[in-house]
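A closer look at the structure
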Amino acid sequence: MNRISRSVAVAASVAMIAVGTTACQQEAPKAVAPSSTSGTTQGAGDSSSTSDSSSSSDSSSSSSDSSSTSSDSSSASSDTSSASDGGNSGAVCTVSSTNYFSKKGSSTQIKPFGTKFDTEYISSIGSDKTPMSISSGKPQAKAPAGDSYLYESGQQALVFEITAKLKDASGYGYMSYLNFTLMDGQQNVCQRDSSSPVIKVQDKLPEGRMSGDEIKGQIAFVVPKGQDYSKYTLMFSSNSDTGATAQVGWSG
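Residues numbered from 1 in each chain as written. Predicted model: local features only at pLDDT ≥ 70, side-chain atom pairs only at ≥ 80, totals over all residues. Heavy atoms only, no water.

1. So, the overall build of the protein chain
- Of the regular secondary structure elements, the protein chain holds two helices and 12 strands.
- Ordering the α and β elements of the protein chain from the N terminus gives α-α-β-β-β-β-β-β-β-β-β-β-β-β.
- A total of 252 residues make up the protein chain; the buried ones form 31% of that total.
- Partitioning the intrachain contacts of the protein chain with sequence separation of at least 6 by distance along the chain shows that 70% fall at a separation of at least 24. (Helix = DSSP H or I, 4+ residues; strand = E, 2+ residues; numbered from the N terminus. Buried < 20%, exposed > 50% of the residue type's maximum accessible area, 1.4 Å probe, protein only. Contact = heavy atoms within 4.5 Å.)

Here it is as structure tokens:
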């Protein structure tokens, strides 16, 4: 082969190799770089999930707080209701009129419930004085049965058993509800209940002229419920005039 022909052949071979290489490059698949958009989308999804979870947690916490607040409010309402029923420690006795109630004076002797006093029954004109003994049992709180015009919501009866005796059968003495006055811890006068529904007829204190025989019976007063009745004072005065000073009394 002459030099020209060899040169042509070599050139042709080089051209064929170049064409084949180009074709291979066009058919080979291209590598795809990781998509930043895909990463961002996934991140956004995670953020949304976290936000939803946080929102759900906050909502649950808010619901719990609301439930707690509702419970506290219900408890406070219950306490208020209890207080309105008379369990209020600040409740006091009241009367529509203070006529025929005695008062505690500097000469009034006050001793614990159950103590027997030796005193005198002094007539209203003050000329007749008859030695007598008198005592009162501890107060007993009792709820009135049925309707009673004296009792309102939050009130009940406070009952005392009285024992009295004239030491001189020839002397004068008259027993009456008007001889007794009850005051609460703030020195307010309590309403008498002379026809109390909580005391049986046969158990009531006999009223009328006294003799030398011992008399025994119960008396009642209208008081607010739920109080410390040991701080109340029951007083006796043979003089039932309004504002008379009581002779003796019981408390504690």
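2. What about the sheet that holds strand E12 (residues 248–251)?
- Strands sit in the order E1-E12-E11-E7 across an open sheet of four strands; the sheet is mixed. Both outer strands of the open sheet, strand E1 (109–112) and strand E7 (180–183), are each paired with one neighbouring strand and no more. Neighbour to neighbour, the strand axes of the sheet diverge by 25° on average, direction disregarded. (Pairing = 2+ DSSP bridges. Axes fitted to C-alpha atoms, helices over the stretch in contact; angles between N-to-C directions.)

3. Details of the state of the cysteines
- This model, assessed by the stated rule, comprises one disulfide.
- Between Cys93 and Cys190 runs a disulfide, and the two sulfur atoms are separated by 2.1 Å. A torsion of 80° about the S-S bond marks the disulfide between Cys93 and Cys190 as right-handed. With Cys93 in the loop between helix H2 (36–87) and E1 and Cys190 in the loop between E7 and strand E8 (191–192), this pair connects stretches of sequence that are 97 residues apart. Each member of the pair, Cys93 as well as Cys190, is classed as buried. (Disulfide = S-S within 2.5 Å.)

4. Some remarks on the pattern of salt bridges
- Enumeration over the complete set of coordinates arrives at two salt bridges.
- Measuring nitrogen to oxygen at the nearest pair gives 2.7 Å for the salt bridge that ties Asp118 to Lys167. Residue Asp118 is found in strand E2 (residues 116–122), and its partner Lys167 is found in the loop between strand E5 (155–166) and strand E6 (174–175); the two are separated by 49 residues along the sequence.
- For Asp118, a relative accessible area of 56% gives the class exposed.
- Here Glu161 makes a salt bridge to Lys216, at a shortest N to O gap of 3.7 Å. Taken together, the residues span a long stretch of sequence, with Glu161 in strand E5 and Lys216 in strand E10 (residues 215–224) at a distance of 55 residues. (Salt bridge = Lys/Arg side-chain N within 4 Å of Asp/Glu carboxyl O.)

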